[in-house]
Amino acid sequence: MEAELKDMWNDLESLKHSLTDPSLRGPVDKLQLHVERLTNLSKSVPVRRSKVKDMSAEVVDSNPYSRLMALQRMGIVENYERIREFSVAIVGIGGVGSVAAEMLTRCGIGRLLLYDYDKVELANMNRLFFRPEQVGMTKTDAAVQTLADINPDVVLESYTFNITTVQGFETFMSSLRNKSFSPTKEGSGVDLVLSCVDNYEARMAVNQACNELNQTWMESGVSEDAVSGHIQLLIPGETACFACAPPLVVASGIDERTLKREGVCAASLPTTMGVVAGLLVQNTLKFLLKFGHVSPYLGYNSLKDYFPTMEMRPNPQCSNVACLERQKEFIIAKPARDAAAMAKMEAEALTVEEIPLHADNEWNISVVDEVEIETVGATSSDALPEGLVRELPNADESQHPPPAEPAAPSLDDLEDLKRQLEALNS
Amino acid sequence: MEGWDPNTKSTLTQIPLLTTKAGPRDGAAWTQRLKEEYKALIAYTQMNKSNDNDWFRISAANPEGTRWIGKCWYIHNLLKYEFDLQFDIPVTYPSTAPELELPELDGKTQKMYRGGKICLTIHFKPLWAKNCPRFGIAHALCLGLAPWLAAEVPILVDSGMIKHKDDTTSTSES
């Protein structure tokens, strides 16, 4: 095609020169311009780029990673290329999950596991990522189609089932355990799970799986009125799990009807979802590539542009058994953790040369020991940042649940009960 | 519980409460829970029959008792409208309630999630969570499905979205 167009252009060029009447050159020039445009168009026909073996920092237009590798030169990330070793699972490929998947794909993540059982609908088009021609495809297939084109280096796995059913949950767990991508990795087969789902049941299922696998994960959400959202880091045993704090309506006993208007379908905005996806993936990159401060919780209130942050400790009375086990393990591992932190501090202290920073100290400025500040901080950490109020009583104040009555020994047989119900059904 | 009619309240108090907090992955404890589920369902069905208010059939579709299928019906203007009823026991049960599905009504009402899952978010899920693990399948039917049918079936019939099975011709008589 390109050669044909070039020949055409050359023919027009020779025609132009052979013309004796200069007034005819104008239309020929115009024709040549059209041919040039067609040539450019033919070049932009989608071509899949080939896979890249190593991430290069070379600054050329054809290098898809030059701007990312520049993070190393700028001193932000120590070793960006490590990103190719990481696996991230994204549960829920909706308004937040799909955008997060695209961001990680463009960043050159090693492997993405995508979970969703829904199909793309026209009603999704007010959000980013999916295109109208993908309507009817499963969200996982449509996502793989787009993401594989954007970056063929990423290993993409799509899982199309409901993780809240017993069978779906088992498949979900085994896919997270699968270590074929990096057999030497400790723990599960993924480095991080991102929950981008839109309902309580699915969040509880992700929470259950991550607590059982001792898998760090991040939760994200956008409010039903589309004007606020949040992200949260959950490290089993170390931070609060999703079941540690019951939902607001359950804990506070307020009338749930004041919280939700009946018959209103949930609103959504591409902006809020894009912001939350951005916050989520930024936190993910900081967590994986070890730079900056990884936020334990970050809220986003778009009406006031308010971003509250806070930390949540696990609930010692959490209803999730696996969470309690992880909490126990975390407490047992405390001495080892302290020793490691101490060793690290000492190693850092050794590298600092002991010379007085200032020869004179006219104003008697003294530096207070950091340890002291920390203990002061710990006692006042119950204070919430401005703009937040507690809805729940302190864990120590809440009354212990009454001791369970000894269950009456059940003498009846399950099959017998089944028959009784069937008899009533007939 | 304010806002519920006295009939539902009195029915509810007669359905036996459950005690075992166990989900389908909890082995023997789940079997125990399943027995309690059956006892509550049997008591509720018997109560409905004796009060001449029989309105559903449900039975386990697999030996593990994690999938349930059956029928439910609602009388509107002296006509009986019957629907298939199905649901899975979620893996996080009983912390999360079962999502009751009426697949035949999928796409016919806004008060429904994809796949025919009826919307329980407002009127039932907070109650379920507050009463975990004492509520079971029978309670979900009594407090989740029954009020949904009572609210939605008349609207669906009056708006012409569903027709009575005998009303096959297009001439609808009132």
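Throughout, residues of each chain are indexed from 1 in the direction in which the sequence is written. Lettering for chains starts from A, numbering for ligands starts from 1, and both go in the order in which the items are written. The predicted origin of the model limits local features to residues at a pLDDT of at least 70 and limits the giving and counting of side-chain atom pairs to 80 or more, whereas totals for whole chains, interfaces and linings rest on all residues. Excluding hydrogens and water, the side-chain values take into account all heavy atoms of the structure.

As recorded in an unreviewed UniProt entry, chain B goes by Ubiquitin-fold modifier-conjugating enzyme 1 and comes from Cucumis sativus. Per its UniProt entry, chain B bears the Sequence similarities (unreviewed entry) comment "Belongs to the ubiquitin-conjugating enzyme family. UFC1 subfamily." UniProt positions are given in the numbering used here, feature names are shortened, and annotations may be inferred rather than shown by experiment.

For chain A, the name recorded in an unreviewed UniProt entry is Ubiquitin-like modifier-activating enzyme 5, with Cucumis sativus as its organism. Per UniProt, chain A has the following entry under Sequence similarities (unreviewed entry): "Belongs to the ubiquitin-activating E1 family. UBA5 subfamily."

Draft legend 1. Highlighting the packing of aromatic side chains. What counts as a ring pair is set by centres within 6.5 Å for rings of Phe, Tyr and Trp (its six-membered ring), and what kind of pair is set by the plane angle: stacked under 30 degrees, edge-to-face over 60, tilted for all other angles. This model, assessed by the stated rule, comprises 15 aromatic pairs over all chains. Measuring from ring centre to ring centre gives 5.0 Å for Y115 of chain A and F172 of chain A, while their planes differ by 90 degrees; the resulting arrangement is edge-to-face. Here the residue Y115 of chain A occupies a position in strand β2 (residues 111-115), and F172 of chain A occupies one in helix α6 (residues 166-177), the gap between them amounting to 57 residues. Grouping residues by exposure puts Y115 of chain A and F172 of chain A together as buried. Judged by centre distance (6.4 Å) and plane angle (5 degrees), the ring pair of W68 of chain B and F87 of chain B falls under stacked. Counting from the N terminus, the helices are the DSSP runs of H or I reaching at least four residues and the strands are the DSSP runs of E reaching at least two. Each residue gets one of three labels from its accessible area relative to the maximum for its type: buried under 20%, exposed over 50%, partly exposed in between, using a 1.4 Å probe on protein chains only.

Draft legend 2. Region of the structure containing the sheet that holds strand β1 (residues 56-60) of chain B. Residues and elements named next belong to chain B. Strand order in the open sheet formed by three strands is β1-β2-β3, with antiparallel pairing between adjacent strands. Since the sheet does not close on itself, it has two edges, and those belong to β1 and β3 (79-88), each with one partner. Strand-to-strand, the axes of this sheet are offset by a mean angle of 10 degrees, without reference to chain direction. At least two bridges found by DSSP between two strands is the condition for calling them paired. Examined bridge by bridge, strand β2 (residues 67-76) and β3 share ten bridges and lie antiparallel to one another. Residue pairing in the sheet places I75 in a bridge with K80 of β3. With axes taken as lines fitted to C-alpha atoms, and helix axes fitted only over the stretch in contact, angles between N-to-C directions fall between 0 and 180 degrees.

Draft legend 3. The arrangement of the state of the cysteines in detail. All names here are of chain A. Counting rule for disulfides: a pair of cysteine sulfur atoms within 2.5 Å. Under the counting rule described, the total for this entry stands at zero disulfides over all chains. Free of any disulfide, C244 has its nearest neighbouring cysteine sulfur in C323, separated by 3.7 Å. Since its relative accessible area comes to 5%, C244 is described here as buried.

Draft legend 4. Highlighting the domain arrangement of chain A. Looking at the assigned domains, one finds that chain A contains domain 1 (1-43) and domain 2 (65-341). Each domain's limits were defined by an automated method or a database of domain assignments. For domain 1 of chain A versus domain 2 of chain A, the distance between C-alpha centres works out to 55 Å.

Draft legend 5. Structural view of the UniProt feature "active site" (unreviewed entry) in chain B. Residue and element names in this part refer to chain B. The positions that UniProt labels "active site" (unreviewed entry) are, in the present scheme, C119. Mapped onto the fold, C119 is located in the loop between β5 (117-118) and α3 (125-130). By definition in these notes, contact holds between two residues if any of their heavy atoms fall within 4.5 Å. With residues up to four places along the chain from it excluded, the contact list for C119 reads K111, M112, Y113 and W148.

Draft legend 6. Broad picture of the interface of chain B and chain A. In this complex, chain B contributes 40 residues to the contact, which on the side of chain A involves 38 residues. Accessible-area loss on putting two parts together, using a 1.4 Å probe and summing over both, is the definition of buried area adopted here. Across the chain B to chain A interface the summed buried area is about 3,500 Å²; carbon plus sulfur atoms make up 59%. For salt bridges, the criterion is a side-chain nitrogen of Lys or Arg within 4 Å of an Asp or Glu carboxyl oxygen. The tally of links between chain B and chain A comes to five salt bridges. Put simply, E201 of chain A and K125 of chain B hold a salt bridge, and the shortest N to O gap is 2.7 Å. By the criterion applied in these results, polar contacts are pairs of N or O atoms within 3.5 Å in which, for protein atoms, one can donate a hydrogen and the other can accept it, and in which residues neighboring in sequence qualify only through two side-chain atoms. Our count for the contact surface shared by chain B and chain A stands at eleven residue pairs in polar contact (both at pLDDT 80 or more). At the level of secondary structure, the elements contributing two or more residues to the side of chain B that touches chain A comprise α2 (28-50), β1 and α3 of chain B. Residues are grouped as follows: Ala, Val, Leu, Ile, Met, Phe, Trp, Tyr, Cys and Pro are nonpolar; Asp, Glu, Lys and Arg are charged; every other residue, Gly included, is polar. Each residue belonging to the side of chain B that touches chain A can be placed in one class, and the counts come to 15 nonpolar, eleven polar and 14 charged.

Draft legend 7. Fine view of unusual backbone geometry. P94 of chain B follows Y93 of chain B through a cis peptide bond whose omega is 0 degrees. Among the secondary structure elements, P94 of chain B is positioned in the loop between β3 and β4 (112-113). Residue P133 of chain B is bonded to the preceding C132 of chain B through a cis peptide linkage, with omega at 0 degrees. Secondary-structure assignment places P133 of chain B in the loop between α3 and α4 (137-158). If you check the backbone angles, F129 of chain A has positive phi at about 80 degrees while not being a glycine. The topology assignment puts F129 of chain A in the loop between β2 and α5 (139-150). The class of F129 of chain A is buried, set by a relative accessible area of 12%. One non-glycine residue, D305 of chain A, lies in the positive phi region at around 50 degrees.

Draft legend 8. View of the environment of V190 of chain A. Residue and element names in this part refer to chain A. If you trace the backbone, V190 turns up in the loop between α6 and β4 (192-195). A relative accessible area of 1% means that V190 is categorised as buried. Taking the C-alpha atoms as reference points, V190 and Q72, 118 residues apart in sequence, are found 24 Å from one another.

Draft legend 9. Representation of the sheet that holds strand β7 (residues 297-301) of chain A in the model. Residues and elements named next belong to chain A. Here we have seven strands laid out as an open sheet, ordered β3-β2-β1-β4-β5-β6-β7, and mixed in their pairing. The two strands at the open ends of the sheet, each matched to only one other strand, are β3 (155-159) and β7. For this sheet the average axis-to-axis angle between neighbouring strands, irrespective of direction, equals 15 degrees. Across four bridges, strand β1 (residues 87-91) lies against β4 in parallel orientation.

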